[in-house]
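Coordinates in review
Here's the letter readout for the chains.
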Amino acid sequence: MKHINKIEHLGIAVKDIDQANTIYEKLLGVPPYKQETVESEAVITSFFQVGENKIELLASTSPEGTIAKFIEKRGEGIHHVAFDVDDIEKELARLKNEGFTILNEKPKLGADNKRVAFIHPKGTNGVLVELCEEIK
Ligand code: ZN
């Protein structure tokens, strides 16, 4: 079994989800197939299908949210890279063992029917990494 199957999606931090939806619909030629709020993370997300990968737009629903803070510090742009895995617990254990800093010891419920966990960017050359496992 492979460890990481593929890039599942790229997460892009945006200030205004409606404005960004319009831009990405023009760019990709398709409307978002889903828009979803994740209350626990204070984000509203929308997803675009691009071939077998996806683009996730994330906007904060609160000035205290992690996306709002990210944009304040670094501006809009790529926020995380998400990798698809078959067994998220197993991958987290493997990566922890490899010395990566796991931000969520227990996977949490993410958008788009996924269990997700994040890896700190300090150990991945500045890129926030998300692991996601599709809930079957
Ligand atoms: Zn994501």
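Every value quoted in this text rests on a predicted model; they were computed, and no experiment measured them. (Residues numbered from 1 in each chain as written. Predicted model: local features only at pLDDT ≥ 70, side-chain atom pairs only at ≥ 80, totals over all residues. Heavy atoms only, no water.)

Observations regarding the sheet that holds strand S2 (residues 34-38)
Read across the open sheet, the 8 strands follow the order S2-S3-S4-S1-S5-S8-S7-S6; overall the sheet is mixed. Bordering the open sheet on either side are S2 and strand S6 (108-110), each of which pairs with just one other strand. Neighbour-to-neighbour, the strand axes of this sheet turn through a mean angle of 35°, independent of strand direction. Where S6 lies against strand S7 (residues 114-119), 3 bridges are found, and the strand directions are antiparallel. Following the sheet pairing, Gly110 is matched in S7 by Lys114. Packing of helix H1 (residues 17-28) onto the sheet brings it into contact with strand S1 (6-13), S2, strand S3 (43-50) and strand S4 (53-60), and relative to S3 it is tilted by some 5°. (Pairing = 2+ DSSP bridges. Helix = DSSP H or I, 4+ residues; strand = E, 2+ residues; numbered from the N terminus. Axes fitted to C-alpha atoms, helices over the stretch in contact; angles between N-to-C directions. Contact = heavy atoms within 4.5 Å.)

Digging into the packing of aromatic side chains
Summed over all chains, the structure comprises 2 aromatic pairs. Between Tyr24 and Phe48, the ring centres sit 6.4 Å apart and the planes meet at 50°, which makes this aromatic pair tilted. Taken together, the positions of Tyr24 in helix H1 and Phe48 in strand S3 put the pair 24 residues apart, joining distant regions of the chain. The residues Tyr24 and Phe48 share a single accessibility class, namely buried. Look at Tyr33 and Phe47: their rings are 6.1 Å apart centre to centre, the planes differ by 40°, and that puts the pair in the tilted class. One end of the pair, Tyr33, is in the loop between H1 and S2; the other, Phe47, is in strand S3, and 14 residues separate them in sequence. Judged by relative accessible area, which is 37%, Tyr33 ranks as partly exposed. (Phe/Tyr/Trp six-rings, centres within 6.5 Å; stacked < 30°, edge-to-face > 60°. Buried < 20%, exposed > 50% of the residue type's maximum accessible area, 1.4 Å probe, protein only.)

Quick notes on the environment of His80
By the element assignment, His80 lies in strand S5 (residues 77-84). By relative accessible area, His80 is classed as buried at 1%. Sequence spacing of His80 and Ala42 is 38 residues, and the spatial spacing of their C-alpha atoms is 16 Å. When near neighbours in sequence (up to four residues on either side) are disregarded, His80 contacts His9, Leu10, Gly11, Glu56, Leu58, Phe118, Leu128 and Glu130.

Some details on the layout of surface pockets
Considered as a void within the structure, the largest pocket measures approximately 680 Å³ in volume. Forming the walls of the largest pocket are 33 residues, and the residues nearest its centre are Thr66, His79, His80, Phe118 and Leu128. Elements with a contribution of two residues or more to the lining of the largest pocket: S3, S4, helix H2 (66-74), S5, S6, S7 and strand S8 (128-134). Counting residues per element, the lining of the largest pocket draws most heavily on H2, which supplies 6 residues. Looking at the lining of the largest pocket, its residues break down into 16 nonpolar, 9 polar and 8 charged. (1 Å grid on protein atoms, 1.4 Å probe; cavity = no way out; pocket = protein on both sides within 12 Å on 5 of 7 lines; lining within 4 Å. Points joined across faces, edges and corners; volume = space filled by probe spheres on them. Nonpolar A, V, L, I, M, F, W, Y, C, P; charged D, E, K, R; others polar.)

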